[in-house]
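Summary of structural features
Below, each chain spelled out in residue letters.
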Amino acid sequence: MDRDLAHLTDEAVLSLVAESDDEALAELYDRFGGVAYGLALRILRDESLAQDAVQEAFLAVWRTADRFLAERARASTWILTLVHRRSVDLVRRQEQRRGEPLESAPEPVASEQVEEQAAIRFQRQVVQEALRQLPPDQREALELGYYAGLTQSELAERLGQPLGTIKSRMFTGLTRLRDLLAQAGLEESLR
Amino acid sequence: MPEDPHSLVASYALDALDEREEKEFEQHLALCERCREELAGLREAAAALAVGAPPAKPTLELRQRILDQARSERQNVVPLRRPRRWTPVLAATTAIAAAAAIVLGIWATSLDNSNDPLESVLSKPGSKLVSMGHYGGVAVGPDGQAVLALAVPPAPASKTYEAWVIRAGKATPAGLFSGRPGTSIVKVSKPVGAGSVVAVTVEPSGGSPQPTSKPFVLSGAVS
């Protein structure tokens, strides 16, 4: 069967996934697999664990897409939320890694080696620019919380700050990031 | 120390809460419309952070593995949409609970950290649902962990249901349960490997070391 799913929105593809259409699952993977794997690798720093996280997340998409559809939220947000969650679950089981210094996050492969949609590349630039506009302590709280898989309490301990301070940096930082992205018109560029 | 639960919404969106904090926040989320609305926007921002990570190229093998697994589940798993007698069993026990969780903003954790043993087995990659006729079925995880979902009436007085894992003609006792109105969700206490069959018999209270009656519920062989 030769079908072209490329013109469909992510949500339309997801609704096909909800009907057990495996070509639609392949299409979603082709759209977000690179971002998903990049995120998992950044958090887990291990190719095999990162693959496990991506696999579990996409299979969760396969199994529960029908339930998610009623949410009317963005498909990409849901998929990446699942990938992040699986990655954090796995990294928190890697006890020895948790003791490593925070600075040691390596940069994975250079982005030009990865084929991906221009829209995603553009979105990445917008996000990185928005992050640069945040006050450094807020950016740090977001990056260490989100990419290192640390809990807010662990972060407070590592940075020698009161928990309340870390919580409020995360809140203010993420709220501001949301507003900066909205200003940059990211919502529209994704559709 | 009592604290304002609203203040945790960003940490929740970033997956930066520990298990206890997360449970507490999810309870709050179920009751707090304002937090659910706020969470929707903050999740978009968190997902943008995902896109902000340097991209990496996954192997083609990963793509194939995901698609193969998905296809195998479609063939082996009794589809929820097909009107089988035990569809309501599953719908009642897991799908509704999971759908409710998703609507309440609990997207990811309900699959993995669920207290529902059936859902926790089914959420593992490689898990299968093996039919046991019209009474229900057994979910088998890749590690052999298995959970029965059976609609059987309460066992008669002084009797019990006993589960068995049968392999190469040898039956191993795998747990007792009494049955109840609706669906019984029962963990199988022995691992269920490939080639095994899961069976249920009615036994005298206290159970038997070997089946004393013909199984009235029998699964197909687990692949």
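Cut-offs and rules
- Just so you know, the residues in each chain are numbered from 1, in the order the chain's sequence is written.
- Written order decides the labels, with chains lettered from A and ligands numbered from 1.
- At least 70 in pLDDT is required for a residue's local features to be given in this predicted model, at least 80 for side-chain atom pairs to be given and counted, and no such filter applies to totals for whole chains, interfaces and linings, which use all residues.
- Side-chain numbers come from the whole structure's heavy atoms, not from hydrogens or water.
- Starting at the N terminus, helices and strands are each numbered in turn, a helix being any DSSP run of H or I of at least four residues and a strand any DSSP run of E of at least two.
- A 1.4 Å probe rolled over the protein chains alone gives each residue an accessible area, and that area as a share of the maximum for its type sets the label: buried under 20%, exposed over 50%, partly exposed in between.
- Working rule for contacts: check all heavy atoms of both residues, and any pair within 4.5 Å makes them a contact.
- The Shrake-Rupley method, run with a 1.4 Å probe, gives the accessible areas here. Residue values count only the displayed protein chains as cover.
- The rule for pairing is simple: two strands pair if DSSP sees at least two bridges between them.
- Interaxial angle, 0 to 180 degrees, is taken between N-to-C directions of lines fitted to C-alpha atoms, where a helix line uses only the stretch in contact.
- Should an angle lie under 35 degrees it is considered roughly parallel, over 145 roughly antiparallel, and from 65 to 115 roughly perpendicular; all remaining angles are considered oblique.
- Helix crossings are classified by the rotation of the near helix relative to the far one: an anticlockwise turn of less than a right angle makes the crossing left-handed, while a clockwise turn makes it right-handed.
- As a working rule, the residues Ala, Val, Leu, Ile, Met, Phe, Trp, Tyr, Cys and Pro are called nonpolar, Asp, Glu, Lys and Arg charged, and the rest polar, with Gly in that last group.
- Here the expected span of a helix is defined as 1.5 Å times the quantity of residues minus one.
- An arc is given here, and it is the one of the directions from the helix axis to the C-beta atoms.
- Just to be clear on terms, a salt bridge is a Lys or Arg side-chain nitrogen sitting within 4 Å of an Asp or Glu carboxyl oxygen.
- Two parts lose some accessible area (1.4 Å probe) when they are put together, and adding that loss for both gives the buried area.
- Under the rule applied, a polar contact is a pair of N or O atoms within 3.5 Å (in protein, one hydrogen donor and one hydrogen acceptor; residues adjacent in sequence only if both atoms are side-chain atoms).
- Confidence of the predictor at the level of single residues is given by pLDDT, which spans 0 to 100.

1. Thoughts on the overall build of chain A
- When helices and strands are counted, chain A shows 10 helices and zero strands.
- The buried share among the 191 residues of chain A stands at 54%.
- Looking at chain A alone, contacts between residues at least 24 apart form 63% of all its contacts between residues at least 6 apart.
- Summed over its atoms, the accessible surface of chain A is roughly 8400 Å², and 47% of this surface lies on carbon and sulfur atoms.

2. Side note on the sheet that holds strand E3 (residues 146-150) of chain B
Residue and element names in this part refer to chain B.
- Read from one edge to the other, the open sheet built from four strands follows the order E1-E2-E3-E6, with strand pairing classed as antiparallel. Because the sheet does not close on itself, it has two edges, and the strands there are strand E1 (128-131) and strand E6 (184-188). The mean inter-strand angle of the sheet, taken between neighbouring strand axes irrespective of direction, is 20°.
- Two strands pair when backbone bridges link them, and strand E2 (residues 136-140) and E3 are joined in this way by five bridges, in the antiparallel orientation.

3. So, the packing of helix H3 (residues 47-68) of chain A against helix H4 (residues 75-93) of chain A
All names here are of chain A.
- For the pair H3 and H4, the least separation of the axes is 8 Å and the interaxial angle reads 135°. Relative to H4, H3 is oriented oblique. The handedness of the crossing between H3 and H4 is right-handed. In this structure, H3 contributes Leu49, Asp52, Ala53, Glu56, Ala57, Phe58, Ala60, Val61, Thr64, Ala65 and Phe68 to the contact, and H4 contributes Ala75, Trp78, Ile79, Leu82, Val83, Arg86, Ser87 and Leu90.
- The residue makeup of the contact of H3 with H4, split by class, is 14 nonpolar, two polar and three charged.

4. Observations concerning helix H6 (residues 118-133) of chain A
Residue and element names in this part refer to chain A.
- In this model, H6 (16 residues) spans 23 Å end to end at C-alpha, consistent with the 22 Å of a helix rising 1.5 Å per residue.
- Buried within H6 are the following residues: Ile120, Gln123, Arg124, Val126, Val127, Ala130 and Leu131. Along H6, the residues classed as buried sweep out an arc of 165° about the axis, all on the same side. For H6, the exposed residues lying more than 90 degrees away from the buried face are Ala118 and Arg132.

5. Some words on the pattern of salt bridges
All names here are of chain A.
- All chains considered together, the criterion is met by 19 salt bridges over all chains.
- Between Asp10 and Arg31 there is a salt bridge, with its nearest N and O atoms 2.7 Å apart. Taken as a pair, Asp10 in helix H1 (residues 10-17) and Arg31 in helix H2 (residues 22-44) lie far apart in primary sequence, 21 residues in all. There is no split in this pair, since Asp10 and Arg31 are both buried.

6. What about the interface of chain B and chain A?
- If you look at the interface, chain B gives 64 residues, while chain A gives 75 residues.
- Interface area, chain B with chain A, both sides summed: about 6100 Å², of which 60% is carbon and sulfur.
- At the junction of chain B with chain A, the criterion picks out eight salt bridges.
- Note that Arg85(A) and Asp15(B) form a salt bridge whose closest N and O atoms lie 3.6 Å from each other.
- At the junction of chain B and chain A, the tally comes to 20 residue pairs in polar contact (both at pLDDT 80 or more).
- Elements supplying a minimum of two residues to the side of chain B that touches chain A: helix H1 (9-13), helix H2 (19-31), helix H3 (33-52), helix H4 (60-76), helix H5 (87-103), helix H6 (109-112) and helix H7 (117-122) of chain B.
- Counting residues per element, the side of chain B that touches chain A draws most heavily on H3(B), at 13 residues.
- For the side of chain B that touches chain A, the per-class residue count stands at 34 nonpolar, 11 polar and 19 charged.

7. Observations regarding the confidence of the model for chain B
- Within chain B, residue pLDDT values average 79, and 79% of them lie at 70 or more.
- Counted against residues more than four places away or in other chains, residues 109-114 of chain B, with its pLDDT under 50, gives 23 contacts.

8. Quick look at the pairing of E2(B)
Residues and elements named next belong to chain B.
- Counting buried positions over the five residues of E2 gives five, a clear majority of the element.
- Residues Gly136, Val138 and Val140 of E2 are buried on one face, and the alternating residues Gly137 and Ala139, pointing to the opposite face, are buried as well.
- The turn joining E2 and E3, which pair antiparallel and follow one another in sequence, is formed by five residues; a positive phi near 90° is taken by Gly144.

9. With respect to the environment of Ser131(B)
- Here Ser131(B) lies in strand E1.
- Along the backbone, Ser131(B) and Val217(B) are 86 residues apart, and their C-alpha atoms lie at a distance of 10.0 Å.

10. Comments concerning the side chain of Gln152(A)
- Its place among the elements puts Gln152(A) in helix H8 (residues 152-159).
- By relative accessible area, Gln152(A) is classed as buried at 1%.
- In terms of polar contacts, Gln152(A) uses its side chain to reach the side chain of Ser11(B), at 2.8 Å.
- Setting aside its immediate chain neighbours within four residues, Gln152(A) contacts Leu163(A), Ile166(A), Lys167(A), Met170(A), Leu8(B), Ser11(B), Ala16(B), Leu17(B) and Glu21(B).

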